[in-house]
Amino acid sequence: MSDHTTQEFPPDPAFTEQAVGQAELFAQADADPEGFWADQARRYVTWSKDFTEVLDWSNAPFARWFADGELNVAHNCVDRHVEAGHGERVAIHFEGAEGDTQTITYAELQRRVCQAANALTELGVATGDRVAIYLPMIPEAIVSMLACARLGAPHSVVFGGFSADAIRSRVADAEARVVITADGQHRKGKVAPLKAAVDQAVSGEDSPVEHVLVVRRTGGDVDWSDKDVWWHDLVDRQSDRHEAQPMPAEHPLYILYTSGTTGKPKGILHTSGGYLTQAAYTNAVVHDVHPESDVYWCTADIGWVTGHSYLVYGPLANGATQVVYEGTPDHPHQGRWWEIIQKYGVTILYTAPTAIRTCMKWGAEIPAKYDLSSLRVLGSVGEPINPEAWLWYRKNIGGDRCPIVDTWWQTETGAIMISPLPGVTSLEPGSAQRPIPGISAEILDDAGEPFTEAEKVGYLVLTKPWPSMLRGLWGDPERYKDTYWSRFGDKYYFAGDGAKYDDKGNIWLLGRVDDVMNVSGHRLSTAEIESALVSHPSVAEAAVVGAADDTTGQAVCAFVILREGAEQSDSTVEELRSHVAKEISPIAKPKSVMIVSELPKTRSGKIMRRLLKDVAEGREIGDATTLTDASVMDFIKQGMSQR
Ligand code: WTA
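So, how was this worked out
Residues numbered from 1 in each chain as written. Predicted model: local features only at pLDDT ≥ 70, side-chain atom pairs only at ≥ 80, totals over all residues. Heavy atoms only, no water. Phe/Tyr/Trp six-rings, centres within 6.5 Å; stacked < 30°, edge-to-face > 60°. Helix = DSSP H or I, 4+ residues; strand = E, 2+ residues; numbered from the N terminus. Buried < 20%, exposed > 50% of the residue type's maximum accessible area, 1.4 Å probe, protein only. Near = heavy atom within 4 Å. Polar contact = N/O pair within 3.5 Å; in protein donor to acceptor, adjacent residues only side chain to side chain. Areas by Shrake-Rupley, 256 points an atom, 1.4 Å probe, with all protein chains shown as cover. Nonpolar A, V, L, I, M, F, W, Y, C, P; charged D, E, K, R; others polar. Axes fitted to C-alpha atoms, helices over the stretch in contact; angles between N-to-C directions. Parallel < 35°, antiparallel > 145°, perpendicular 65-115°, else oblique. Left-handed = near helix turned anticlockwise from the far one by under 90°. Contact = heavy atoms within 4.5 Å. Pairing = 2+ DSSP bridges. UniProt positions renumbered as here; feature names shortened; annotations may be inferred. Salt bridge = Lys/Arg side-chain N within 4 Å of Asp/Glu carboxyl O. Domains from an automatic or database assignment. Buried area = accessible area lost by both parts, 1.4 Å probe.

Undergrad: Explain the packing of aromatic side chains to me, please; I cannot follow it from the model alone.
TA: The geometry of two aromatic rings is summed up by the distance between their centres and the angle between their planes. Counted according to the given criterion, the structure contains 30 aromatic pairs. Measuring from ring centre to ring centre gives 5.2 Å for Trp 37 and Tyr 281, while their planes differ by 80°; the resulting arrangement is edge-to-face. Placement of Trp 37 in helix H3 (residues 33-44) and of Tyr 281 in helix H10 (residues 273-285) is noted, with a sequence separation of 244 residues between them. Of the two residues, Trp 37 and Tyr 281, neither departs from the other in class, the shared state being buried. Here the aromatic cluster, defined as three or more aromatic residues joined through ring pairs, consists of Trp 57, Phe 62, Trp 466, Tyr 480, Tyr 484, Trp 485 and Tyr 493.

Have a look at this one:
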């Protein structure tokens with residue numbers, strides 16, 4: 001972030017006047033944080049039984065919010081809007097990858113969710129059972145999530161790009177009884193299989209999966225087993241009425257797996273009342289959603305937390321109208337997103353820096369061909385947005401008028417934590433700025449002391465529990481404590497991100513400080529990719545680093561030592577790249593694989609990834625004095641320069 005800019009964008013008074021989030025919220029939250037959250041919980045959520053206690057932190061770091069309250073999350077996202085007379089409001093403008101469309105009102109969504117809930121019940125799914133969802137971005141994905149929420153059956157959505165192995169390990173860890181998938185998915189004019197990966201993942205005696213519910217999306221051929229049942233056979237014949245039962249506020253809503261510093265993904269657990277409160281509140285005050293007039297569009301996939309909080313739970317709890325798009329930004333042409341904004345009159349766009357940088361590369365003349373004048377708020381999430389991309393976004397997409405909210409948060413935090421409030425905050429390109437009302441953060445030095453000096457780099461921590469915080473890691477309470485609550489003692493939640501203040505007190509996020517990479521806003525663990533590489537018969541050892549990349553933020557760079565007899569050639573390199581794509585996901589495919597004869601290691605045997613990162617980013621190599629053999633780096637550097 002050396003291109004730090006001093007340009008500031010104060011809010012437009014006309015925007016402020018109509019904004020959902022007002023400056024008073026900060027003072028209210030500071031004066032009485034728990035009272036503040038209780039207010040938000042009652043404003044944004046309808047409780048079947050009101051709560052008497054706000055926060056129970058007696059068993060820290062395991063929080064309980066609004067614990068004696070009861071609600072049904074699906075009722076909050078669907079039924080209550082119909083009951084309030086908004087049944088004919090569009091919930092979802094679905095834009096399919098092949099140009100097929102559906103307009104789904106809240107009344108229609110209610111019917112579909114009820115049918116799906118009845119279908120899952122017929123399959124034996126009861127409150128507390130886990131359901132895995134492996135679907136493309138089609139309405140059935142949202143309907144499935146809400147049907148699970150309605151039954152109190154926690155869902156575990158697995159991103160549609162993940163491999164059979166990834167599904168298998170997630171399904172096994174969550175002990176899912178049912179998997180919901182589709183025959184295939186549309187990708188850039190082609191049909192890609194989807195069910196085949198599930199078939200592989202649920203095969204064998206030891207699979208907990210009893211049923212696989214299959215949506216017909218592409219009509220492609222699929223193998224069929226006695227576990228399988230077609231969605232249209234089972235769901236379509238169900239009654240479209242279903243009585244939603246209230247659940248305790250702390251009832252598990254979902255598990256979402258994310259990369260950690262070891263090879264084993266962490267099952268992040270979110271519960272109902274606190275999660276829904278913060279998802280809806282942030283969607284209202286940060287995205288400035290006015291449900292009666294806005295057309296909101298979050299481009300994230302439901303396989304990631306952004307899709308959970310800002311495509312499903314937040315906007316639907318608020319009764320908003322939104323666009324759901326199945327396809328990619330460049331098919332059939334590079335103006336596809338802007339065409340969609342023009343078509344539906346999208347007013348709020350929430351996307352990722354990597355997408356913006358890609359559009360920058362394609363050129364400003366592409367969005368310029370479309371009418372984007374309906375837009376009034378832009379958002380960014382997933383990784384730091386560099387000031388250059390921020391300014392491009394504001395000018396070329398936001399017509400120099402839309403505020404941009406750069407929102408920092410994590411799968412673990414469940415909802416937005418640090419972000420400007422449009423209409424309140426004077427915007428500073430490249431910085432996520434301040435914790436939102438109700439949230440408190442600090443930056444600590446190596447010794448764990450908070451500081452406020454500008455430009456000094458430290459570690460971001462959160463200092464108070466928040467309603468949508470993770471309630472733990474599925475089945476692994478110790479790992480939860482170790483990962484988040486031990487680095488700086490049990491008073492601070494350690495986020496894993498480096499951060500600094502500027503001279504105005506704005507927070508700048510500087511990327512991960514652990515072995516987690518961020519490629520196009522997707523979290524990948526170095527350990528997971530290394531273990532995929534060493535699972536290949538040609539590889540003896542592997543080290544992976546994330547190297548700075550202009551488009552994707554970071555790119556996966558692998559260094560491998562081959563086994564005796566393995567051929568050192570371009571085709572081996574290609575094979576290893578594809579192997580990682582197959583084992584994990586195409587997202588994890590290394591941009592480069594470099595074959596080396598040794599890896600730099602400390603005397604205790606730890607690979608010094610920091611030095612490999614220097615090589616991968618073409619920098620002067622840093623302090624290598626702790627290496628067992630300092631000449632290793634010379635060899636690696638030579639190898640690099642010969643390429
Ligand atoms: C990074 C995505 C800077 C950060 C919601 C965090 C960001 C990780 C931002 C979480 C941002 C997310 N500025 N960095 N606005 N948003 N990050 O769990 O490193 O997929 O720890 O959640 O993404 O990624 P996750």
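The discussion continues.
Undergrad: So what exactly am I meant to see when it comes to the site of the ligand here?
TA: Near the ligand, the surroundings consist of 17 residues, among which Asp 406, Thr 407, Thr 411, Arg 512 and Arg 523 are the closest. Between Glu 383 and the ligand, the recorded distance is 3.4 Å, taken from a backbone N or O atom to a nitrogen atom. Here Gln 410 contributes a side-chain N or O atom positioned 2.9 Å from an oxygen atom of the ligand. Within the complex, the protein chains bury 96% of what would otherwise be the 530 Å² of accessible surface of the ligand. Partitioning the shell around the ligand into residue classes produces 6 nonpolar, 6 polar and 5 charged.

Undergrad: Would you mind going over the packing of helix H4 (residues 73-86) against helix H5 (residues 106-122) with me for this structure?
TA: In helix packing, the relevant descriptors are the interaxial angle and the interaxial distance, both defined with respect to the helix axes. Remark: H4 packs on H5, axes separated minimally by 9 Å, with the N-to-C direction vectors making an angle of 140°. By the angle between their directions, the pair H4 and H5 is classed as oblique. Crossing handedness for the pair H4 and H5: left-handed. Two secondary-structure elements touch here, H4 through Cys 77, Val 78, Asp 79, His 81, Val 82 and His 86 and H5 through Tyr 106, Ala 107, Leu 109 and Gln 110.

Undergrad: What should I look at first to understand the sheet that holds strand E20 (residues 404-407) in this one?
TA: The strands making up a sheet are joined through hydrogen bonds of the backbone, oriented either antiparallel or parallel. Here 7 strands make up an open sheet; going across it, the order is E5-E4-E17-E16-E18-E19-E20 and the pairing mixed. Lying at the two open borders of the sheet, with one neighbouring strand each, are strand E5 (101-105) and E20. For this sheet the average axis-to-axis angle between neighbouring strands, irrespective of direction, equals 15°. In the sheet, strand E16 (residues 295-298) pairs with strand E18 (residues 348-351) via 3 bridges, with the strands oriented parallel. Among the inter-strand pairings, Cys 298 is bridged to a residue of E18, identified as Tyr 350.

Undergrad: Any chance you could explain the UniProt feature "binding site: ATP" (unreviewed entry) in the chain here in plain terms?
TA: UniProt annotation of "binding site: ATP" (unreviewed entry) refers to Gly 382, Glu 383, Pro 384, Asp 406, Thr 407, Trp 408, Trp 409, Gln 410, Thr 411, Asp 497, Arg 512 and Arg 523 when read in the numbering used here. Structurally, Asp 406 can be placed in strand E20. For Asp 406, a relative accessible area of 5% gives the class buried. Setting aside residues no more than four positions away along its own chain, Asp 406 makes contact with Ser 380, Ile 385, Ile 418, Ser 419, Pro 420, Gly 430, Ser 431 and Ala 432. Structurally, the position occupied by Arg 523 is in strand E26 (residues 522-525). Relative accessible area serves as the criterion here: at 16%, Arg 523 is assigned to the buried category. Looking at Arg 523, its side chain comes within polar contact range of the side chain of Thr 258, at 3.5 Å.

Undergrad: Is there a simple way to think about the pattern of salt bridges in this case?
TA: Pairs can form between side chains of opposite charge once their charged atoms are near each other. Applying the stated rule across the entire model yields 34 salt bridges. The salt bridge involving Arg 111 is made with Glu 108; its shortest N-O contact spans 3.1 Å. Of this pair, Arg 111 and Glu 108 both sit in helix H5, separated by 3 residues, roughly a single helical turn. Residue classification places Arg 111 among the partly exposed positions, given a relative accessible area of 36%. Since its relative accessible area comes to 22%, Glu 108 is described here as partly exposed. The salt bridge involving Glu 530 is made with Arg 609; its shortest N-O contact spans 2.9 Å. Here Glu 530, found in helix H17 (residues 526-534), pairs with Arg 609, found in helix H19 (residues 609-616); they are 79 residues apart in sequence, far enough to count as distant. We classify Glu 530 as buried; its relative accessible area is 10%.

Undergrad: Could you clarify how one ought to interpret the domain arrangement of the chain in this entry?
TA: How big an interface is tends to be reported as the loss of accessible area on association of its parts. Under the domain assignment used here, the chain contains domain 1 (3-82 + 100-279 + 400-444) and domain 2 (518-641). Taking only C-alpha atoms, the centre of domain 1 and the centre of domain 2 are 34 Å apart. Taken together, the contacts link 17 residues of domain 1 with 11 residues of domain 2. In this assembly, domain 1 packs against domain 2 so that about 910 Å² is buried in total across both faces, 42% of it on carbon and sulfur atoms. Here domain 1 and domain 2 share 1 salt bridge between them.

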